[in-house]
Amino acid sequence: MAESLPLEMLTYILSFLPLSDQKEASLVSRAWYCAAQNALQETNVQYNIPVSSASLPAIKSLGLRGITGIGLTNLDDSPASHQVLESVAYHLGPNLQSLCLSGGSPTEASFVALLLGCPALRILDLSGCNSLFTSGTLLAQPETAQRVRQVLRGLCELNLAGLRDLTDLSFNRLSSCAPNLERLSLAYCHLTFELGPARGSLGPPDSSPSQLSFHNLLRFVKQRAGRLRALDLSGTGLLPEALKALGQVVGLQLKELSLHGCQDLSTEAVATLCRLQSGLTSLDLSGCSDLADGALLAISRDLGHLQRLRLRKLQRLTDAGCTALGGLRELHSLDLAECCLVSGRGLVQALGSGHRAPAPLASLSLAYCSSLQDASVFSLIPVLGLSLRVLDLSSCVALTNRTLQAICTFLTHLSVLRLAWCKELQDWGLLGLGEPTEEPTQGPQEHLRAKLRRKLRSRSFFPQLHQELEHRDSGPKDPSPQPQGPSLLMLRALKELDLTACSKLTDASLTKVLQFPELRQLSLSLLPALTDKGLVAVARGCPSLEHLVLSHCSLLSDEGWAQAASSWPRLQHLNLASCGQLTEQTLDTIGQACKQLRMLDVAMCPRISMAAVRHFQAQLPQVTCIQSRFVGGADLTLTL
């Protein structure tokens, strides 16, 4: 019946599928192939093209399909790279809207030639392209700059992150070619601040040919204040006075601001920013270690339309500050990872208080919050609601099976669940069973008490005494000793699951609950009890896996992979580091079954030789990254 649908309707249906599913759908028939190709022309799809002569036919084919977004990897100043850039400009340039050259080393001439062939460009990523700015002569010729300005008049987003040689002059030349710029990233660039005699006087009046100064950036922001909407200054060492100066720019109405790792920022400066830039919808203050609860109070008071907030590694943030989050009624994403003083009680109070509905959180990260306990999570999970899709509780080492069962009860719409290093998780928790009881071994008195309880259970007399002893046996810690909670299988929408280092898990639970046909990413690293039986069960229950991490699972063998590999035709990233029993036979099996593999890690696998790795690489040339450190039983004595 699908064959009789109009092409437009079939294209619309396939557009809702993940990218990997669209690829699979294209193999069904000619009509589905055409529909899938149309769906893959979406502007949010980026094709990563390795720079080599072998990519030239693919570039031509993509050009015929009108692809709008690409990224070029392994770009350098070689003739092959020059040839690829010419091909991209000719075949893809007229329709290209997004271009990523991150980490590449193109020559200035080839880069300018590429830009001139892309008149529709809206997004340009030059992060890490230091070779373009080393000489300081990029776009120095007025004629060249004028031509580039004509083709970049529609550029909205420019990423210049990590450019160590970026200066005021080179920045001004490039930014002047993009008059309609709305989003700018200078993350981890070396920004200089020169304080004058009066505090708040920042920088010299003139642009510098040898450094990137905040004064020059501030002048740029003032000139573009009416259009600039997003700014990323992460890792630039921004000073409190500089942040205040940015917030005070007349006409500036930022929507997104990232200040990750700016450790000198003060609570007062953040409060000033929030008061002056009240329209912010996304704010990243991760790693700003001097910030305390006052900053969160200012955010809640002034940023009523905030949707995304990242506060990772704020060691001074406490539950008292978290209570202010109740004022952010539009918050969708919250990151409090590595806030060691946050126990979750303040978050419960913020989300569960008031007469208004709670914020529709879609993503919450409390990873590495060592103060987080079961009791806080029990109270928090019910108020999060069914809107939550991503939950990260990695390294919350005090959490137990009770937390997992609460998640499976209330958060059934989760698509991402990370529980790495939650070492108290056990099989019965994943299976949704009651906690197994154990015979007391404390001593003769406890043994006699247990014996008496067993006798009383078998008799109908002394009911009052029986109830009293049962109450004492259960204790205040667990009034319901045999809970029947739902299992992990309740989370049918899971796309990513991380159980790294949950070392008490065994095949007994993994074979029963890892049955997620739509699961894309799975990590079972550092599970010492995982055997071939569990591996085969996971392969049959999770056939759509694309990323799989099984490092340090020492019981896995060639026999298990011989049965499992055929179930994972979509596998792209595979980590088998330190799986000591695997040999080259497993590499041959993977090479035959997993034709879409792109990355493989077999580091520290003593029974796999370098010859086997080279043979595997020849068998699957599309594998762009193979980690093979210390394979073949290398002596690590001098390296560790």
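Note that the coordinates shown come from a computational prediction; the quantities given were computed from them, not determined experimentally.

(A) Seen up close, the overall build of the protein chain. Along its length, the protein chain carries 24 helices and 22 strands. Buried residues in the protein chain amount to 49% of all 640 residues. Across the protein chain, every contact between residues at least 6 apart in sequence was considered, and the portion connecting residues at least 24 apart equals 78%. Surface summary for the protein chain: the accessible area is close to 29000 Å², and the carbon and sulfur share equals 54%.

(B) Structural detail: the pattern of salt bridges. Inspection of every chain in the model, using the stated rule, returns 16 salt bridges. For the salt bridge of E268 with K244, the shortest nitrogen-to-oxygen distance reads 3.2 Å. In this pair, E268 sits in helix α11 (residues 267–276) while K244 sits in helix α10 (residues 240–247), placing the two residues 24 residues apart along the sequence. A residue is classified by how much of its surface remains accessible, and K244, at 23% relative accessible area, is partly exposed. Its salt-bridge partner being R520, residue E546 comes within 3.5 Å of it at the nearest N-O pair. Of this pair, E546 sits in the loop between α21 (532–541) and β19 (547–549) while R520 sits in the loop between α20 (507–513) and β18 (521–523), and the two are 26 residues apart along the sequence. Each of D284, R310, R312, D335 and E338 takes part in one network of salt bridges that share partners.

(C) The arrangement of the pairing of strand β1 (residues 47–50) in detail. The two faces of β1 differ: Y47 and I49 on one face are buried, but N48 and P50 on the other face are not. Across four bridges, β1 lies against strand β2 (residues 69–73) in parallel orientation. Considered in β2, the bridge of P50 is made with T73.

(D) Layout of a nonpolar patch on the surface. A cluster of nonpolar side chains, namely M9, Y12, I13 and F16, defines an oily patch on the protein surface of about 460 Å² accessible area. Here Y12 shows up in helix α1 (residues 7–14).

(E) Just the packing of aromatic side chains, in detail. Summed over all chains, the structure comprises three aromatic pairs. Between F171 and F220 the ring centres are 5.2 Å apart and the planes differ by 75°, which places this aromatic pair in the edge-to-face class. On the criterion of sequence distance, the pair formed by F171 in helix α8 (residues 168–176) and F220 in helix α9 (residues 214–223) is long-range, its members being 49 residues apart. What makes F171 buried here is its relative accessible area of 1%.

(F) View of the environment of G261. Within the element layout of this structure, G261 appears in the loop between β10 (256–258) and α11. Judged by relative accessible area, G261 falls into the partly exposed class, the value being 26%. A C-alpha to C-alpha distance of 7.9 Å links G261 and T236, two positions 25 residues apart in sequence. Ignoring any residue separated from it by four or fewer positions in sequence, one finds G261 in contact with G235, S286 and G287.

(G) Highlighting the environment of A31. With respect to the helices and strands, A31 occurs in helix α3 (residues 30–39). Through-space distance from the C-alpha of A31 to that of L7 is 7.3 Å; in sequence the pair is 24 residues apart.

(H) Focus on the pairing of β2. β2 sits mainly inside the fold: four of its five residues count as buried. Taken together, β1, helix α4 (residues 56–64) and β2 form a β-α-β motif whose crossover is right-handed. Read as a crossover between parallel neighbours, the route from β2 over helix α5 (residues 79–92) to strand β3 (residues 98–100) is right-handed.

(I) A look at the packing of α4 against α5. Between α4 and α5, the least distance of the axes is 9 Å, while the angle of their chain directions is 15°. By the angle between their axes, α4 is roughly parallel relative to α5. The handedness of the crossing between α4 and α5 is right-handed. Residues L56, I59, K60, L62 and G63 of α4 lie in contact with α5, whose contacting residues are Q83, V84, S87, V88, H91 and L92. Here the residues of the contact of α4 with α5 are counted per class, giving six nonpolar, four polar and one charged.

(J) Focus on the environment of D558. Tracing the sequence through the fold places D558 in helix α22 (residues 558–564). Separated by 31 residues in sequence, D558 and T589 place their C-alpha atoms 8.6 Å apart. Setting aside anything within four residues of it in sequence, one finds D558 in contact with Q581, L582, T583, Q585 and T586.

(K) Expanded view of the state of the cysteines. Inspection of the entire model under this criterion finds zero disulfides. Lacking any disulfide linkage, C288 is separated from the closest cysteine sulfur, that of C262, by 5.5 Å.

The rules we used
Residues numbered from 1 in each chain as written. Predicted model: local features only at pLDDT ≥ 70, side-chain atom pairs only at ≥ 80, totals over all residues. Heavy atoms only, no water. Helix = DSSP H or I, 4+ residues; strand = E, 2+ residues; numbered from the N terminus. Buried < 20%, exposed > 50% of the residue type's maximum accessible area, 1.4 Å probe, protein only. Contact = heavy atoms within 4.5 Å. Areas by Shrake-Rupley, 256 points an atom, 1.4 Å probe, with all protein chains shown as cover. Salt bridge = Lys/Arg side-chain N within 4 Å of Asp/Glu carboxyl O. Pairing = 2+ DSSP bridges. Patch = residues over 30% accessible without salt bridge, like charges linked within 9 Å, V, L, I, M, F, W, Y side chains within 5 Å. Phe/Tyr/Trp six-rings, centres within 6.5 Å; stacked < 30°, edge-to-face > 60°. Right-handed = clockwise from strand over helix to strand, strands pointing away. Axes fitted to C-alpha atoms, helices over the stretch in contact; angles between N-to-C directions. Parallel < 35°, antiparallel > 145°, perpendicular 65-115°, else oblique. Left-handed = near helix turned anticlockwise from the far one by under 90°. Nonpolar A, V, L, I, M, F, W, Y, C, P; charged D, E, K, R; others polar. Disulfide = S-S within 2.5 Å.

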